[in-house]
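Coordinate analysis (summary)
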Amino acid sequence: DGRLTFYPGNQTVDLPFINFMKRYGTVFLNAYTNSPICCPSRAAMWSGLFTHLTESWNNFKGLDPDYVTWMDLMEKHGYRTQKYGKLDYTSGHHSVSNRVEAWTRDVDFLLRQEGRPMVNLTGDRTRVRVMEADWRNTDKAVNWIKEEAINLTQPFVLYLGLNLPHPYPSPYAGENFGSSTFLTSPYWLEKVTYEAIKIPKWSSLSEMHPVDYYSSYTKNCTGEFTKQEVRNIRAFYYAMCAETDAMLGEMISALRDTGLLKKTIVIFTADHGELAMEHRQFYKMSMYEGSSHVPLLVMGPGIKEQQQVPNVVSLVDIYPTMLDIAGIPVPQNLSGYSLMPLLCRKAENEVSPRGARPSWVLSEFHGCNVNSSTYMLRTGKWKYITYSDGRSVLPQLFDLSDDPDELTNVAIKFPVIVHSLDKILRSIVNYPKVSSSVQEYNKRQFMSWKQSLGQNYSNVIANLRWHQDWLKEPKKYEKAIDKWL
């Protein structure tokens, strides 16, 4: 969650290496994902293109494996490149559940897709390495810096992708089957200031926006939660962020120990945030700040120190920025703009032949846990969220300066603002048309999947993550799918 990298969010947890980057570099106060879910977000970051252009609609549908990324271009221009850890921007990954839930979100039924969010404390005060796979990848990256990077005559670019901070799926049976577990050890939990944790306000279920209600239900969050449960989920999430920060620290220390820190640009960001029980939801897949607002910090030679940039930026800006750093010509068809003018405080028009950076960012979502394509335009103090064709579902408008927690939808109060923001949005993307092509894609994909199973379709679907709801009335849900098809 990007808000943890600046005041007041950073008062809840100790993140020493994020703070180090702030002291010796620049922090972006308004950086956003272009799609609040893993694969589509990463597809935007690696391609420099908005989601409706990559057609990375869900966690199963990303970029083609041979897509030319900014790293490929840097390699072509003489950079030594190295990648470790989670990449997740090409098509074909994630579970069958994930795919089928995304394809069937237009079906007229409500089925819980996630296990109820829970917490789990592991080990004791000496247990530092909780997310072992991430630590292994961090070790590999550190060794590469110390053994390879230090001896290179050419410039290098190193990428490390972490899973943390991310809830763990818990596969045990019973009522909490597949529950998403916020897991940490006492060592990390001690870095969290419990008194500073804000318990989010919730609307009553009946007052929720219909899309929010669907998300809350499918994420198994419509039941009762005590204040303590909510506080714990948030605390454990922050503890997982502290563990992530320590991995960043390993990278910075390796660069410092090898004398490379002074001549290396370091960028820290995320594919999406975590709601951690804000708006009665956990996970991402939402345009609310917890889910869509990402961290973005940059430090290194030529980067202004102790700078806070208020401009809205997004992950598609990484592609042109990387090429700009390397002095490689930036393709004209990109959705993003180089961040270098903001980082070095140069006049915008000196640098970009495309002219000034727009004063808005776009995020969109077409995956599971949300029963409608969603589009978010963030500009100035406004966040405008619209759904589907722009008519069948009511839009939302939030004034973030007045209502940072996004509790009051003021769309009806400001029709002129809604109209003007919608006009800007339509000039960027014909969103009713995109929504309709996603609906066709979902139906097509589901039908071919169903045909590939032959007679067995209902048995297979009964064993997906929503099995506890499905098995109560399978015939009813099959009928709903038939009606949709």
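Residues numbered from 1 in each chain as written. Predicted model: local features only at pLDDT ≥ 70, side-chain atom pairs only at ≥ 80, totals over all residues. Heavy atoms only, no water.

Per an unreviewed UniProt entry, the protein goes by Arylsulfatase K and derives from Burhinus bistriatus. What UniProt records for the protein under Cofactor (unreviewed entry) is the sentence "Ca(2+)". The UniProt entry for the protein carries the following comment under Sequence similarities (unreviewed entry): "Belongs to the sulfatase family." (UniProt positions renumbered as here; feature names shortened; annotations may be inferred.)

Okay, the overall build of the protein next. Along its length, the protein carries 18 helices and 14 strands. In terms of overall dimensions, the protein is globule-like: its C-alpha atoms have a radius of gyration of 22 Å, near the 23 Å expected for 485 residues. C-alpha extents for the protein along the principal axes are approximately 65 × 55 × 50 Å. Counting the 485 residues in the protein, one finds 59% classified as buried. Residue pairs in contact within the protein that sit at least 24 positions apart in sequence constitute 73% of those at least 6 positions apart. For the protein, the computed accessible surface area is about 20700 Å², with 51% contributed by carbon and sulfur atoms. Of note, the protein has its 53 positive side-chain charges centred 1 Å away from the centre of its 51 negative side-chain charges. (Helix = DSSP H or I, 4+ residues; strand = E, 2+ residues; numbered from the N terminus. Rg over C-alpha atoms; globule rule 2.2 N^0.38 Å. Buried < 20%, exposed > 50% of the residue type's maximum accessible area, 1.4 Å probe, protein only. Contact = heavy atoms within 4.5 Å. Areas by Shrake-Rupley, 256 points an atom, 1.4 Å probe, with all protein chains shown as cover. Lys, Arg positive; Asp, Glu negative; His and termini not counted. Charge placed at Lys NZ, Arg CZ, Asp CG, Glu CD.)

Below, the discussion takes up the pattern of salt bridges. Across all of its chains, the model carries 22 salt bridges by this definition. Among the ionic pairs, R3 bridges to D1, the shortest N-O distance being 2.8 Å. Residue R465 is joined to E101 by a salt bridge in which the shortest nitrogen-to-oxygen separation is 2.5 Å. You can see R465 sitting in the loop between α16 (457–462) and α17 (467–470) and its partner E101 sitting in helix α5 (residues 96–103), a full 364 residues away along the chain. Judged by relative accessible area, R465 falls into the partly exposed class, the value being 26%. For E101, a relative accessible area of 0% gives the class buried. Through salt bridges with shared partners, one network takes in D1, R3, R234 and E278. (Salt bridge = Lys/Arg side-chain N within 4 Å of Asp/Glu carboxyl O.)

Looking now at the sheet that holds strand β12 (residues 374–379). Sheet architecture is open: four strands sit in the order β11-β12-β13-β14, paired in antiparallel fashion. Here the strands that pair on one side only, and so sit at the sheet edges, are β11 (360–365) and β14 (396–399). Neighbour to neighbour, the strand axes of the sheet diverge by 15° on average, direction disregarded. As judged from the four bridges shared by strand β13 (residues 382–387) and β14, these two strands associate in the antiparallel manner. Bridge pairing in β14 places I385 opposite Q396. Its contacts with the sheet place helix α14 (residues 415–428) against β11, β12, β13 and β14, and it is angled at close to 70° to β13. (Pairing = 2+ DSSP bridges. Axes fitted to C-alpha atoms, helices over the stretch in contact; angles between N-to-C directions.)

Once the domains are mapped, the protein shows domain 1 (16–358) and domain 2 (451–484). A separation of 33 Å is found between the C-alpha centroids of domain 1 and domain 2. In this complex, domain 1 contributes 20 residues to the contact, which on the side of domain 2 involves 13 residues. Regarding the contact of domain 1 and domain 2, the summed buried area is about 1600 Å², with carbon and sulfur atoms giving 60% of it. If you sort the residues of domain 1 by the area they bury against domain 2, F109, L111 and R112 come out on top, with a joint share of 32%. With a shortest N-O distance of 3.5 Å, R465 and E114 are connected by a salt bridge. Where domain 1 meets domain 2, there are five residue pairs in polar contact (both at pLDDT 80 or more). A total of six residues in the side of domain 1 that touches domain 2 trace back to one element, the largest contributor, which is α5. (Domains from an automatic or database assignment. Buried area = accessible area lost by both parts, 1.4 Å probe. Polar contact = N/O pair within 3.5 Å; in protein donor to acceptor, adjacent residues only side chain to side chain.)

Moving on, we get to helix α1 (residues 16–24). Turning to α1, its buried residues number three or more, namely I18, F20, M21 and K22. On its buried side, α1 packs onto β1 (25–32), α9 (227–257), β7 (266–269) and β9 (296–299).

Moving on to the environment of E473. Tracing the backbone through its elements, the reader meets E473 in the loop between α17 and α18 (474–484). Judged by its relative accessible area of 39%, E473 falls in the partly exposed class. Distance in space between the C-alpha atoms of E473 and Y387 is 30 Å, their sequence separation being 86 residues.

Counting residues in each nonpolar core, the largest one holds 78 residues, and the members touching the most others are M21, I145 and L158. By residue number, the principal contributor to this core is α9, which donates 17 residues. The residues touching I145, leaving out its near neighbours within four places in the chain, are I150, L158, M251, A254, L255, T258 and L260. Judged by nonpolar contacts, the second largest core, of 38 residues, contains F50, L397, Y441 and W466. (Core = buried A, V, L, I, M, F, W, Y, C linked by side-chain atoms within 4.5 Å.)

Below, the discussion takes up the packing of aromatic side chains. Tallied over the full model, the rule gives 23 aromatic pairs. On the numbers, 5.8 Å between centres and 50° between planes, the contact of Y237 with Y238 is tilted. Since its relative accessible area comes to 2%, Y237 is described here as buried. What makes Y238 buried here is its relative accessible area of 7%. Among the aromatic residues, ring-to-ring pairing joins F109, W466, W470 and Y477 into one connected group. Positioned above the aromatic ring of Y187, the side-chain terminus of K191 is 4.7 Å from the ring centre. Of note, K450 hangs over the ring of Y457, and the distance from its end group to the ring centre comes to 5.1 Å. (Phe/Tyr/Trp six-rings, centres within 6.5 Å; stacked < 30°, edge-to-face > 60°. Lys NZ or Arg CZ within 6 Å of the ring centre and 35° of its normal.)

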